[in-house]
Each structure stands twice: as C-alpha cells, then as structure tokens.
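# Topology and contacts: notes
If you want the building blocks of each chain, they are given just below.
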Amino acid sequence: MREGIHPPYGPVVFRDRAANHAFLTRSTMTSEKTIEWEDGHTYPVVDVEISDVSHPFYTGTARVLDTAGRVERFERRYGKQD
C-alpha cells in the first residue's frame, strides 16, 4: 500500500442504541465520543441504528411479502401477455 493515502485503521466500538448492544472491532471510522470498554481501554464509539442484534432479518421477525399475489393481481389487471 502507498504511504499517506489511507485513513488510519484502528479499534472502534460500534453501539446499537436500539438493542443496547456494543461490539469492538477495527475500522477506519472515527468519532469524537469515546467509551471505556471491558478491557479498561478507552475507544472511539460510533452509534448505529441497526446491527445484527436488532435487524429483523437476523432476529427472525422479518415478514415475507406475497409476491405471487402481486404477480397474479398484475396479470388480472393488465392481462397476461402470451
């Protein structure tokens, strides 16, 4: 990699405010806010709206749309093209 063109890469805490869940990882994102982590070190914290803990797809609360009904309704309305 070329020197001086990449942002700094380091430990960052991502916090899901909706689920009250946080995890430590490495990222190029930065923040003015900090948090003291379980290991006693202070890291920048980035608040996110959705993570794997609160996303409907991962929690199993996602709803399945009736796509077959939509296709049939479209064909009834506009006629099926043969």
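Heads up: these notes are all about the structure in this document. Remember, predicted model here, so these are calculated numbers, not experimental data. Starting afresh in each chain, residues are numbered from 1 along the sequence in its written order. At least 70 in pLDDT is required for a residue's local features to be given in this predicted model, at least 80 for side-chain atom pairs to be given and counted, and no such filter applies to totals for whole chains, interfaces and linings, which use all residues. Calculation of side-chain values draws on the structure's entire complement of heavy atoms; hydrogens and water are dropped beforehand.

What follows covers the environment of D16. Secondary structure counts use DSSP, requiring at least four H or I residues in a row for a helix and at least two E residues in a row for a strand, with both numbered from the N terminus. Mapped onto the elements of the fold, D16 is located in strand β1 (residues 10–16). For each residue, the accessible area found with a 1.4 Å probe, counting protein chains only, is set against the maximum for its type, and the residue is called buried under 20%, exposed over 50%, and partly exposed in between. Taking relative accessible area as the criterion, D16 reaches 0% and is therefore assigned buried. We call two residues contacting when some pair of their heavy atoms lies within 4.5 Å. Residues in contact with D16, not counting those within four places in the same chain, are H21, V48, E49, I50, S51 and S54.

Even without a glycine there, the phi angle at N20 is positive, about 55°. The residue N20 is located in the loop between β1 and β2 (21–27) in this model. Residue N20 is classed as exposed on the basis of its relative accessible area, which comes to 73%.

A separate point is the sheet that holds strand β3 (residues 34–36). Pairing within the open sheet is mixed, and its four strands lie in the order β2-β1-β4-β3. The two strands at the open ends of the sheet, each matched to only one other strand, are β2 and β3. Within this sheet the neighbouring strands show an average axis-to-axis angle of 45°, counted without direction. Two strands make a pair as long as DSSP finds a minimum of two bridges between them. The sheet contact formed by β3 and strand β4 (residues 42–48) spans three bridges and is antiparallel. Residue pairing for β4: T34 is matched across the bridge by P44. Axes here refer to lines fitted to C-alpha atoms; in helices the fit is confined to the stretch in contact. Angles between the N-to-C directions go from 0 to 180 degrees.

A pair of aromatic rings is counted whenever rings of Phe, Tyr or Trp (Trp by its six-membered ring) have centres within 6.5 Å, and the orientation is called stacked for planes under 30 degrees apart, edge-to-face for over 60 and tilted otherwise. In the structure shown here, the tally under the stated rule is two aromatic pairs. With 5.8 Å between their ring centres and 25° between their planes, F14 and F23 make a pair best called stacked. Looking at F14, the relative accessible area reads 11%, which means it is buried. For F23, a relative accessible area of 32% puts it in the partly exposed group.

A few words on the pairing of β4. Alignment of β1 against β4, held across four bridges, turns out to be parallel. Each bridged residue has a counterpart across the sheet, and for V13 the counterpart in β4 is V45. The antiparallel hairpin formed by β3 and β4 contains five residues in its connecting segment, where G40 sits at a positive phi of about 95°.

Geometric descriptors of this kind do not, in isolation, establish any biological role.
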